[in-house]
Amino acid sequence: LLVAMVDLDEEQFEKILTRHSQYNGLEKTIAEVVYPFLEKIGVLWQTGDITPAHEHFISNLIRQRLIVSIASLPLPAQASRRAILFLPEGELHELGLLFIHYLIRKKGYRTYYLGQSVPHEDLKKVYQIHQPHVLITSLTSVPAPRNVENYLKKLSVDFSAATVFANGLLIRNTAFHLPKNIRLFEQATLLPELMDAL
């Protein structure tokens, strides 16, 4: 995978992921191959061994694969439990949220995927229209670490009738008091079970 990335070789990259997915399924491939690979890319990018262009190239190939996989799933019935997936305004790290979208759509949730950098007021409007049972977000680079607790409190108050699930680097690396309807999770693959337990 690293060689395919450095050479910008889409065909080789796709062959490797397709082969692994055929034997182990998409979920295992993302969790056991793609996630560790993305962590390795992060280290290489920070040390200057690869350029941002390499990272963008590979991220977009993974993004495309996830979107195609989501689109191949049936749309759950209107009466299904509902979930809104979003990233806070300014947050652009979307791959993890796309994977979560795949997992919970496969589980039968009716999903409203808002994606990157969603203004809070827009999120509130979608919430009022669809009245979801669950909101899901990921905090990787936004908000600033000192504002994580206040942001989670705001989500807790504005969406008090729902459960808000959150993960991401900022969640793992920041100490804060957890509001009552906020639930944290580390691994995307565990989220469907946590949601079923509500």
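A brief look at the structure comes next. What you are looking at is a predicted structure, and each value in this text was computed from that prediction instead of being measured.

Turning our attention to the packing of helix 2 (residues 10–46) against helix 3 (residues 52–71). Packed helix pairs are characterised by how far apart their axes lie and by the angle those axes make with each other. Between helix 2 and helix 3, whose axes approach to 11 Å, the crossing angle comes to 145°. Classified by chirality, the crossing of helix 3 by helix 2 is left-handed. Partitioning the contact of helix 2 with helix 3 into residue classes produces 15 nonpolar, 3 polar and 4 charged.

The biggest cluster of nonpolar side chains holds 37 residues, and the ones touching the most others in it are F13, I58, I104, I136, L191 and M195. Going through the elements one at a time, helix 1 (2–6), helix 2, helix 3, strand 1 (82–88), helix 4 (95–106), strand 3 (134–138) and helix 8 (191–196) are the ones with two or more residues in this core. Tallying contributions element by element places helix 2 first for this core, with 9 residues. What L191 contacts, discounting residues up to four positions off in sequence, is I100, I104, I136, F165 and F185. In this structure, L123, L139, Y151 and F176 belong to the second largest nonpolar core, which totals 21 residues.

Criteria and thresholds
- Residues numbered from 1 in each chain as written.
- Predicted model: local features only at pLDDT ≥ 70, side-chain atom pairs only at ≥ 80, totals over all residues.
- Heavy atoms only, no water.
- Axes fitted to C-alpha atoms, helices over the stretch in contact; angles between N-to-C directions.
- Helix = DSSP H or I, 4+ residues; strand = E, 2+ residues; numbered from the N terminus.
- Left-handed = near helix turned anticlockwise from the far one by under 90°.
- Nonpolar A, V, L, I, M, F, W, Y, C, P; charged D, E, K, R; others polar.
- Core = buried A, V, L, I, M, F, W, Y, C linked by side-chain atoms within 4.5 Å.
- Buried < 20%, exposed > 50% of the residue type's maximum accessible area, 1.4 Å probe, protein only.
- Contact = heavy atoms within 4.5 Å.

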